[in-house]
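# Analysis of the macromolecular model
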Amino acid sequence: MLVLGFESSCDETSVSVSKDGKTVLSNVVLSQIDIHKAFGGVVPEIASREHVKGITYVLDEALAHAGVKAEDIDLVAVTQGPGLIGSLLTGINAAKAFAFVHQIPIVGVHHIAGHIYANQIEDDLVFPLICLVVSGGHTELLLMKEHFDFIKLGETQDDAIGEAYDKVARVLGLGYPGGPMIDQLATQGKSSYPMPKVETQGRYDFSYSGLKSHVINTLNRLKMKFEPVIKEDLARSFQEAAIEQLLIKSELAVKNHQAKMFMVAGGVAANSYLRQRVFDVFKDVHVSLPKMEYCTDNAAMMGIAGYYQYQKYGQKAAMSLNGDSRLKLH
Ligand code: KG4
Ligand code: ZN
């Protein structure tokens, strides 16, 4: 089965062709990062316009790279939400137009389901599994007992981890997107600044606003006293505290649910410290990390997730499919 995937929930316009929920034949990603950099973050109105400008070229290129014709496609899968509504609608309208013209079934897929299924490209999912979702908008621990079955064990009580990375990067003057910059800077520093201990209500919950505020307060205090700030060390101290919190809760979830696999999904899965530390912590369970190119937003992961969703639920919405900026996974 050939699946045409579409992703346009934020600042990447992407179209892919994948086969049988596994093999990626093409994955074209047009990033708007350079355009939004000047503003220090994604500007929704500009993002929508850029998606409109790029989508048909990206679609043509995805088909050409895969060496397939429009008539060969069996299913269209598109990100339905969550995300920026104007951005989502561009991908959804392009996907619906393609499906309508070629009379192909279409499914709307949750963006985080896509991030989760990015792991299926490398490793076959083995159940029960624990998935740690870490992105710009999500920080949660999920239990999966079978395909497309997402049981939430816990989540952030305040900020998402990616959000905290981006904010800390901004106050350190590192630019956008902040996550990769902090990650890079942290490799040159040591963990010399004390960070607060995090308390959460649920045992699988997370919290990042306290840690974020603590870094901002540390920075302000040092500046007021005209004391030097060792940015590398502050980045390192923040990074270790942020990631260790993830590991402690993940380890507990894996143990308590006798998971056979532990997966990380979402943009923060690209973090070098996290990618290294998971192998120290999980020695008796299969660890699955998405390939670097599939950590950030892309349509390949949406096509793979769409394949499994369609196998389980079939087509639900077809031409009435609409974007949902707050779509729920559970
Ligand atoms: O998955 P994603 O595109 O966001 C949502 O779907 O919500 O991930 C983007 C997030 C941003 O916050 C970015 O700063 C963070 O992932 N990120 C990283 C790294 N690369 C991207 N955070 C930490 N370390 C990285 N290497
Ligand atoms: Zn994403």
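Presented here is a report on the structure given in the accompanying data block. (Residues numbered from 1 in each chain as written. Chains lettered and ligands numbered in written order. Predicted model: local features only at pLDDT ≥ 70, side-chain atom pairs only at ≥ 80, totals over all residues. Heavy atoms only, no water.)

Regarding its fold elements, the chain presents 10 helices and 10 strands. Relative to the globule expectation of 20 Å for 330 residues, the C-alpha radius of gyration of the chain, 20 Å, shows essentially globular dimensions. Its C-alpha atoms give the chain principal-axis dimensions of about 65 × 45 × 30 Å. Burial analysis of the chain (330 residues in total) assigns 54% to the buried set. Of the contacts made within the chain by residues no fewer than 6 positions apart, 74% connect residues no fewer than 24 positions apart. When the accessible area of the chain is evaluated, it comes to approximately 14300 Å², of which 52% is carbon and sulfur surface. (Helix = DSSP H or I, 4+ residues; strand = E, 2+ residues; numbered from the N terminus. Rg over C-alpha atoms; globule rule 2.2 N^0.38 Å. Buried < 20%, exposed > 50% of the residue type's maximum accessible area, 1.4 Å probe, protein only. Contact = heavy atoms within 4.5 Å. Areas by Shrake-Rupley, 256 points an atom, 1.4 Å probe, with all protein chains shown as cover.)

Right, let's get into the coordination of the zinc ion (ligand 2). Taken together, the protein donors to the zinc ion (ligand 2) comprise His111 (NE2), His115 (NE2) and Asp297 (OD), at separations of 2.0 to 2.1 Å. Going along the chain, you hit the donors of the zinc ion (ligand 2) in the pattern H-x3-H-x181-D. Separated by 182 residues along the polypeptide, His115 in helix α4 (residues 111-117) and Asp297 in the loop between β10 (286-288) and α10 (299-313) bring together distant segments of the chain. One exposure class covers both His115 and Asp297, and it is buried. (Donors = N, O, S within 2.8 Å, 3.2 Å for Na, K, Ca; no water.)

Looking now at the pairing of strand β9 (residues 261-265). Counting buried positions along β9 yields five of five residues, so the element is predominantly enclosed. Sheet topology note: the strand β6 (residues 129-134)/β9 ladder contains five bridges and is parallel. Bridging from a neighbouring strand, Ile130 pairs with Phe262 of β9. Alignment of β9 against β10, held across three bridges, turns out to be parallel. Pairing of Met263 across the sheet is with Ser288, part of β10. (Pairing = 2+ DSSP bridges.)

Moving on: the layout of surface pockets. Considered as a void within the structure, the second largest pocket measures approximately 330 Å³ in volume. As for the second largest pocket, its lining consists of 17 residues, of which Gln80, Gly108, Gln309, Tyr313 and Lys316 are closest to the centre. At the level of secondary structure, the elements contributing two or more residues to the lining of the second largest pocket comprise β5 (106-110) and α10. For the lining of the second largest pocket, the element with the highest residue contribution is β5, accounting for five residues. When grouped by side-chain class, the residues that make up the lining of the second largest pocket number 10 nonpolar, five polar and two charged. (1 Å grid on protein atoms, 1.4 Å probe; cavity = no way out; pocket = protein on both sides within 12 Å on 5 of 7 lines; lining within 4 Å. Points joined across faces, edges and corners; volume = space filled by probe spheres on them. Nonpolar A, V, L, I, M, F, W, Y, C, P; charged D, E, K, R; others polar.)

Our focus in this paragraph is the sheet that holds strand β8 (residues 151-155). On the basis of which strands lie adjacent, the open sheet formed by five strands has the order β8-β7-β6-β9-β10 and mixed pairing. In this open sheet, the two edge strands, each paired with only one partner strand, are β8 and β10. The average undirected angle you get between the axes of adjacent strands in this sheet is 20°. Across the sheet, helix α8 (residues 231-256) is in contact with β6, β7 (139-144), β8 and β9; its angle to β6 comes to roughly 160°. (Axes fitted to C-alpha atoms, helices over the stretch in contact; angles between N-to-C directions.)

Bear in mind that shape data such as this cannot, by itself, settle questions of function.
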